[in-house]
Each structure stands twice: as structure tokens, then as C-alpha cells.
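Chain by chain, the residues run as shown.
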Amino acid sequence: MSFDLRFTKGHGTGNDFVLFADPEGGTELTPTQIAAVCDRHFGVGADGFIRAVRSTKLAAGASIVAEAPDAVWFMDYWNADGSASEMCGNGVRVFTRFLLDQGLVELAPGGSIAIGTRAGVRRVSRSEHGFEVDMGAWRLDGAEPLVRAKGLPVARPGLGIDVGNPHVVVALADDDELAGLDLGYLPILDPAPSAGANVEFVVPAEPLVEAGVGRIRMRVHERGSGETLSCGTGAVASALAVRHWAGAGAPNDWRVQVPGGIVGVRMFDGADGEHVALSGPAELVFDGVLALA
Ligand SMILES: N[C@@H](CCC[C@H](N)C(=O)O)C(=O)O
């Protein structure tokens, strides 16, 4: 059956998405259709695909509504290759901008809205240059795989971090090493995590900490999407990893420079342990209609 997909294109620091509203949940695209929409040559082109659906209309939304009855909208997130992911940090900001633009939610000054995701409820508020998302609790997942990447002469140790979705963070020596990576090729992890991982490569700025704020540069190879200009959950995982390596006295405020811009990461005490928040811009670029077969 063919149909017209009314979509909006948006991005957060160059991490781009096709978004569409399916309030009643009647229009679930197949992974093949999602990959076709995200194709940069034959489709709209995007790193990810996001469907806005009422939480009550999805099986995955039942636990969301039980946890937060105000989480009316669910971010149904898919990677460019048509695989589903639990969470997208840049995506959830752009999703919030999209819901506001569509008149589906209101966000009062100083208030927040709750969004359902496969990783649980995320609260989004306005920040100085866009939105801030409470990404919830995080954990070292215990993995320390060796990472091989094209452009790196030898394998490097990675640190596994779960921020709702899986990440492996690798420290590099300097900007030359970071620039020399060819992330068009999939980094090889040994041992390989069963569900795959997003892989971030990080370099400390000089000095690492300025005016109490930690500063790092990052590039990423995203699971299911390849190299992207930014990854919000990846920036969060990278700041957490560098703070972990830096040890006692390292700051809880970080700026992460990615190829598409800068995002902020802030660690703070939550009711259920330490939380981490991500802030950054969220832009909507154009609307369109795509005939889907
Ligand atoms: N770009 C996103 C992460 C998207 C999902 C990721 N590729 C995965 O498979 O977990 C972000 O901004 O966090």
C-alpha cells in the first residue's frame, strides 16, 4: 500500500532526523521503508527517523504511562539503517521542538515536559540555547573492549558506558589522531557487544578544565547510522568517561565539541543516584511530503 508521508526535517548540531506525527499509532513504517527515507541519495536523507505517537497507543508505552502519566508523547526512534534504538539525546530535543511546532505540547517558562522513550521517561526543559534533557541515571557497563578503527595504527582500550543506549568511549592522544580517523569504516570491538555499540573517540582540550568547565572534542561512529556530525548520548558518555579517567576533582560541567557544534553535559544528584543532563540546540529545517511505496 502506498501513502504520503508528511514529514519535518530537523537537526541538533548537525545530527539530522526525519520526524512525523502519528498520534493514533496507525502508521508504523517497516525497517526497509525507514532506511529508504533516511537514504541520502534516494530518500530525504537523515541519521535517524522519529515517529511521534501517543504513549497509550504503543505496547512500549504502558510502562511509560505507569511511571509518568504526563508522558503523553513517545519518541519512536529508528537509526538510518532501519534498526530501532532505545534513546537519542539530540533527537529528544529536536522531538520536543517538533511537538511544540505542531501545537501538540506546551512548555511554560521554567517548566518541563516528559517524553516516553524505549530507555524510559526523559524530562526536557528550555535552556539558554535550546533545550536541556535530564538523561537519567547512567552506569559503567563493565565492558573494556579493544577498539580498532581505520586510521589508528594500533588498537586502543575502550570504556563501555550505558546512558540508556550502549556506548564505548576511546581516548586519543591529540587532534591529529582524531582528524586522521576514517569513520566511514565500522570500528571493530573485541569482544563485540551483543547489541552493538556507538563508538566515541575523544581528545581533551588544552587545558582540559577552564573556569570550572571540562572541555573535550569528540567524533562518533553511531550504531546503525555510521559517522554523524554529533551524537547527544555519545557526548554524555564521553564526558562521563573523561571525568572517570580524570579522577577526583574533575568537574561536573562539560562542553563537548563535535563536528556539528557544541553541546553541554552536566552531572547532578537525582533522587535515584547521579543523573546527567544534555543541553544544546534543536532546529527544524523544512517540511515535505514523500510518496512511500
Ligand atoms: N544520535 C543519537 C543516538 C542515536 C541512536 C544510536 N545510533 C543507537 O543506536 O543507540 C544521539 O544524539 O544520542
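This structure is a prediction, so every number in the text was calculated from the model and none was measured.

(A) Molecular detail of the overall build of the protein. Within the protein, the secondary structure is distributed over five helices and 19 strands. In terms of overall size, the protein behaves like a compact globule, its C-alpha atoms giving a radius of gyration of 18 Å where 293 residues would be expected to give roughly 19 Å. When its C-alpha atoms are laid out on the principal axes, the protein stretches across 50 × 40 × 30 Å. For the protein, with 293 residues in total, the buried portion stands at 51%. Counting only contacts in the protein whose residues sit at least 6 apart along the sequence, the fraction spanning at least 24 positions is 63%. A total of about 12,600 Å² of accessible surface is found on the protein, and carbon and sulfur atoms cover 52% of it. When the 23 basic and 37 acidic side-chain charges of the protein are each reduced to a single mean position, those positions are 2 Å apart.

(B) Looking closely at the pairing of strand E16 (residues 253-258). Covered by surrounding structure in E16 are Trp254, Val256 and Val258 only, the residues Asp253, Arg255 and Gln257 on the alternate face being uncovered. Pairing of strand E14 (residues 213-222) with E16 involves four bridges; the strand directions are parallel. Opposite Arg215, over in E16, you have Arg255 as the bridge partner. Here E16 runs beside strand E17 (residues 261-270); their pairing, made up of six bridges, is antiparallel. Paired with Gln257 across the strands is Ile262, a residue of E17. Hairpin connection of E16 to E17: two residues between the antiparallel strands.

(C) Representation of the domain arrangement of the protein within the structure. Domains assigned within the protein are domain 1 (3-136 + 281-292) and domain 2 (139-279). Computed over C-alpha atoms only, the centres of domain 1 and domain 2 are separated by 23 Å. Taken residue by residue, the interface counts 26 residues in domain 1 and 28 residues in domain 2. Buried surface at the junction of domain 1 and domain 2, summed over both partners, amounts to about 1,800 Å²; 46% is from carbon and sulfur atoms. Among the residues domain 1 hides against domain 2, the three largest losses belong to Thr13, Glu132 and Met135. Together they make up 28% of the total. Here domain 1 and domain 2 share two salt bridges between them. Here Arg223 ties to Glu86 by a salt bridge, and the two come within 2.8 Å at their closest N and O atoms. Those elements that provide at least two residues to the side of domain 1 that touches domain 2 are helix H3 (89-101), strand E6 (120-127) and strand E7 (130-137).

(D) How the structure looks around the packing of aromatic side chains. In this structure the tally under the stated criterion is three aromatic pairs. For the pair Phe7 and Phe286, a centre-to-centre distance of 6.1 Å together with 80° between the ring planes defines the contact as edge-to-face. On the criterion of sequence distance, the pair formed by Phe7 in strand E1 (residues 3-12) and Phe286 in strand E19 (residues 283-292) is long-range, its members being 279 residues apart. The exposure class assigned to Phe286 is partly exposed, which follows from its relative accessible area of 37%. Relative to Phe49, the ring of Phe20 lies with its centre 5.7 Å away and its plane at 40°, an arrangement referred to as tilted.

(E) Inspection of the pairing of strand E3 (residues 48-54) at higher detail. For E3, a buried count of six out of seven residues is recorded, marking the element as mostly surrounded by other parts of the structure. Taken together, the five bridges between strand E2 (residues 15-21) and E3 define a ladder with parallel strand orientation. Counterpart to Phe17 in the pairing with E3 is Gly48. Direction of pairing for E3 relative to strand E4 (residues 73-79): antiparallel, over a ladder of seven bridges.

(F) Just the pattern of salt bridges, in detail. This structure, assessed with the given rule, holds 17 salt bridges. Among the ionic pairs, Arg123 bridges to Asp70, the shortest N-O distance being 3.0 Å. Here the residue Arg123 occupies a position in strand E6, and Asp70 occupies one in the loop between helix H2 (62-67) and E4, the gap between them amounting to 53 residues. On the accessibility criterion, Arg123 (35% relative accessible area) is partly exposed. Assessed through its relative accessible area of 42%, Asp70 is described here as partly exposed.

(G) Structural detail: the UniProt feature "binding site: substrate" (unreviewed entry) in the protein. The feature "binding site: substrate" (unreviewed entry), as annotated in UniProt, sits at Asn15, Asn79, Gly89, Asn90, Asn165, Asn198, Glu222, Arg223, Gly232 and Thr233 in this numbering. As for its placement among the helices and strands, Gly89 is situated in helix H3. With respect to the helices and strands, the residue Arg223 is situated in the loop between E14 and strand E15 (226-228). With near-sequence residues (within four places) excluded, Arg223 lies in contact with Asn79, Ser85, Glu86, Asn165, Pro166, Ala195, Gly196, Ala197 and Asn198. Side-chain polar atoms of Arg223 contact the side chain of Glu86, separated by 2.8 Å.

About the cut-offs
Residues numbered from 1 in each chain as written. Predicted model: local features only at pLDDT ≥ 70, side-chain atom pairs only at ≥ 80, totals over all residues. Heavy atoms only, no water. Helix = DSSP H or I, 4+ residues; strand = E, 2+ residues; numbered from the N terminus. Rg over C-alpha atoms; globule rule 2.2 N^0.38 Å. Buried < 20%, exposed > 50% of the residue type's maximum accessible area, 1.4 Å probe, protein only. Contact = heavy atoms within 4.5 Å. Areas by Shrake-Rupley, 256 points an atom, 1.4 Å probe, with all protein chains shown as cover. Lys, Arg positive; Asp, Glu negative; His and termini not counted. Charge placed at Lys NZ, Arg CZ, Asp CG, Glu CD. Pairing = 2+ DSSP bridges. Domains from an automatic or database assignment. Buried area = accessible area lost by both parts, 1.4 Å probe. Salt bridge = Lys/Arg side-chain N within 4 Å of Asp/Glu carboxyl O. Phe/Tyr/Trp six-rings, centres within 6.5 Å; stacked < 30°, edge-to-face > 60°. UniProt positions renumbered as here; feature names shortened; annotations may be inferred. Polar contact = N/O pair within 3.5 Å; in protein donor to acceptor, adjacent residues only side chain to side chain.

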